[in-house]
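Spelled out from the first residue to the last, the chains are:
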Amino acid sequence: MTVRTDAAFGLAMIAMLSGCGDAGNGMQKGFEDGFKTQFIENFNKSCQSGAGGGGLSADKIAEVCKCTADALIEKHSPADLMGLKPEDAMPVMKECAAKSGLPV
């Protein structure tokens, strides 16, 4: 491509993308929804396997883990969740355990 063709192509892309603002938002929302779904699935698996053997029923563990994952999703952006440390999730988990009637 020549410089003129590259510039024309660049301008055409800008015009096309500026007219597709909603599509960009849709892509962002699609990414966030997919990330959140995957986060919940992975968090629940990890949480349940880590909490097993503590004397609690599998149902109670699943309840606390799901509550924790849901609360983290509500409170944090995908970028924050990517860097989430276990100690950041612990207060939320304790809150969910208390809601489930467990001693904290």
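Before any of the text, the structure's been laid out above.
In this report, the structure presented in the accompanying data block is examined. (Residues numbered from 1 in each chain as written. Predicted model: local features only at pLDDT ≥ 70, side-chain atom pairs only at ≥ 80, totals over all residues. Heavy atoms only, no water.)

1. Some thoughts on the packing of aromatic side chains
Applying the stated rule across the entire model yields three aromatic pairs. Their ring planes at 20° and their centres at 6.5 Å tell us that Phe 35 and Phe 39 sit as a pair that is stacked. In this pair, Phe 35 and Phe 39 are both assigned in helix α2 (residues 21-51), four residues apart and thus about one turn of the helix distant. The class for Phe 39 is buried, based on a relative accessible area of 13%. (Phe/Tyr/Trp six-rings, centres within 6.5 Å; stacked < 30°, edge-to-face > 60°. Helix = DSSP H or I, 4+ residues; strand = E, 2+ residues; numbered from the N terminus. Buried < 20%, exposed > 50% of the residue type's maximum accessible area, 1.4 Å probe, protein only.)

2. Section: the state of the cysteines
Using the criterion set out here, one finds two disulfides in the structure. For Cys 47, the disulfide goes to Cys 65, at an S-S distance of 1.9 Å. The sign of the S-S torsion, about -80°, decides the handedness of the disulfide formed by Cys 47 and Cys 65: left-handed. Taken as a pair, Cys 47 in helix α2 and Cys 65 in helix α3 (residues 58-75) lie far apart in primary sequence, 18 residues in all. Judged by its relative accessible area of 1%, Cys 65 falls in the buried class. (Disulfide = S-S within 2.5 Å.)

3. Notes on the nonpolar core
Grouped together as the largest cluster of nonpolar side chains are 17 residues, with contacts concentrated most on Phe 39, Phe 43, Val 64, Leu 72, Leu 81 and Val 92. Listing elements by their share of this core, those giving two or more residues are α2, α3 and α5 (86-99). A per-element tally of this core places α3 first, with seven residues. (Core = buried A, V, L, I, M, F, W, Y, C linked by side-chain atoms within 4.5 Å.)

4. Quick look at the pattern of salt bridges
Summed over all chains, the structure comprises four salt bridges. The closest approach of N and O atoms between Asp 70 and Lys 66, which form a salt bridge, is 2.6 Å. Taken together, the residues Asp 70 and Lys 66, both in helix α3 and four residues apart, mark about one turn of the helix. The class for Lys 66 is partly exposed, based on a relative accessible area of 46%. (Salt bridge = Lys/Arg side-chain N within 4 Å of Asp/Glu carboxyl O.)

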